[in-house]
Amino acid sequence: MSKLLLLEDDPSLSKTLIKYLSSHGHELDWAKNGEEAIDLSYDNRYDLYLLDINVPLLNGIDLLKALRDADDHTPAIIISALRDVTSVTQSFIAGADDYMKKPFDPEELLIRIRAKTSTLQKALQFKNFEIDMTKEEISYNGSSISLGKVQKSILLSLIKHYPDPVNKDDLMSLLDKPSDLTLRVHISKLKKKFDLQINNVRGVGYQII
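Residues numbered from 1 in each chain as written. Predicted model: local features only at pLDDT ≥ 70, side-chain atom pairs only at ≥ 80, totals over all residues. Heavy atoms only, no water.

Asks: Account for the overall build of the protein chain, naming residues and giving values.
Replies: Of the regular secondary structure elements, the protein chain holds 8 helices and 12 strands. Along the longest, intermediate and shortest principal axes, the C-alpha atoms of the protein chain span 60 × 30 × 30 Å. When each of the 209 residues of the protein chain is scored for burial, the buried share is 42%. Residue pairs in contact within the protein chain that sit at least 24 positions apart in sequence constitute 56% of those at least 6 positions apart. With an accessible surface of roughly 11400 Å², the protein chain has 48% of that area assigned to carbon and sulfur atoms. If you average the places of the 27 positive and of the 31 negative side-chain charges in the protein chain, the two averages end up 7 Å apart. (Helix = DSSP H or I, 4+ residues; strand = E, 2+ residues; numbered from the N terminus. Buried < 20%, exposed > 50% of the residue type's maximum accessible area, 1.4 Å probe, protein only. Contact = heavy atoms within 4.5 Å. Areas by Shrake-Rupley, 256 points an atom, 1.4 Å probe, with all protein chains shown as cover. Lys, Arg positive; Asp, Glu negative; His and termini not counted. Charge placed at Lys NZ, Arg CZ, Asp CG, Glu CD.)

Next up, the structure:
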């Protein structure tokens, strides 16, 4: 199931989209204005954003700019009644992956969502890392990196669970000879090698920031 954030101030359209997309296996959070949407984006991890442009408080384009400036590269589809070239151009400059002009067929939107989320499942980006989810190969700053089996497994687990922490027992299970000291050494080496911030969440485990 993919989790989507819908920014739309038209209640009728929003309810229609939520009902239709939910029936096809998607979970949606609905924001009625840009400020609400940005708060939700900070508190949750989404697979895709559906953003209208003309909404109260913070328009969809400015919201998308803010997200991209914060290194949020979640795929985004703009859905808008604005049909002029300038609006379309500004949307893509801000970081949109697609643009749908209202009115549109919900089935077409579903097809475009599936195209974006299926791509996401094959490739995962986090800061300067890109992970081929099929082969579990890691690139850093555009170049393939070679890590030992244990450190690679720890890094993959931390990134896949971002922004949530990974349970300490789950990380321990990745070690050949599990111990608190060994885990701390591996975490320390990853932090130093890639200049990462990895926090020890007391009573839980470790969290990559």
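Asks: Please provide a residue-by-residue account of the pattern of salt bridges, values included.
Replies: Applying the stated criterion to the full structure yields 6 salt bridges. With its nearest N and O atoms 2.9 Å apart, the salt bridge here joins Arg112 to Asp98. Taken as a pair, Arg112 in helix α5 (residues 106-122) and Asp98 in strand β5 (residues 98-101) lie far apart in primary sequence, 14 residues in all. On the basis of relative accessible area, Arg112 is assigned to the partly exposed category, the value being 23%. Among the ionic contacts, a cluster of salt bridges with common partners joins Glu8, Asp52 and Lys102. (Salt bridge = Lys/Arg side-chain N within 4 Å of Asp/Glu carboxyl O.)

Asks: Residue-level account of the packing of aromatic side chains, with values.
Replies: Evaluated as defined, the whole model comprises 5 aromatic pairs. Considering the side-chain rings of Phe129 and Tyr140, the 4.8 Å spacing of their centres and the 45 degrees angle between planes classify their relative orientation as tilted. Linking Phe129 in strand β7 (residues 129-132) with Tyr140 in strand β8 (residues 137-140), this pair joins segments that are 11 residues apart in sequence. Judged by relative accessible area, Phe129 falls into the buried class, the value being 2%. Here Lys32 stacks its cationic end above the ring of Trp30, 4.2 Å away from the centre of that ring. (Phe/Tyr/Trp six-rings, centres within 6.5 Å; stacked < 30°, edge-to-face > 60°. Lys NZ or Arg CZ within 6 Å of the ring centre and 35° of its normal.)

Asks: Give a detailed account of the sheet that holds strand β10 (residues 166-167), specifying residues and quantitative values.
Replies: What links the strands of a sheet is backbone hydrogen bonding, and the strands pair in either a parallel or an antiparallel sense. Spatial strand order, β10-β12-β11: 3 strands in an open sheet with antiparallel pairing. Edge strands, defined here as strands with exactly one partner in the open sheet, are β10 and β11 (198-201). Two elements, β10 and strand β12 (residues 205-208), share 2 bridges in a ladder whose sense is antiparallel. Looking across to β12, one finds that Asn167 is bridged to Gly205. Contacts from helix α6 (residues 149-161) reach β10, β11 and β12, with the element oriented near 70 degrees to β12. (Pairing = 2+ DSSP bridges. Axes fitted to C-alpha atoms, helices over the stretch in contact; angles between N-to-C directions.)

Asks: How would you sum up the environment of Leu63? Please name residues and give values.
Replies: Examined against the element boundaries, Leu63 turns out to sit in helix α3 (residues 60-69). Judged by its relative accessible area of 1%, Leu63 is buried. It is 12 Å that separates the C-alpha atoms of Leu63 and Leu40, two residues lying 23 residues apart in sequence. If near-sequence neighbours (up to four positions away) are discounted, Leu63 is found in contact with Leu7, Gly34, Ala37, Ile38, Leu51 and Leu58.

Asks: So what's going on with helix α8 (residues 180-194)? Residues and values would help.
Replies: Taking 1.5 Å of rise per residue, the 15 residues of α8 would be expected to cover 21 Å, and the 21 Å separating its terminal C-alpha atoms lies within 8% of that figure. What α8 keeps buried is the set Leu183, His186, Ile187, Leu190 and Phe194. The arc that holds every buried residue of α8, seen down its axis, measures 95 degrees, which confines them to one face. Summarising the geometry of α8, the exposed residues directed more than 90 degrees from the buried face are Leu181 and Lys192. Residues of α8 that are buried make contact with β7, β8, α6, α7 (168-172), β11 and β12. Within two residues after α8, Asp195 carries a phi angle of roughly 55 degrees, on the positive side. (Expected span 1.5 Å × (residues − 1). Arc of directions from axis to C-beta.)

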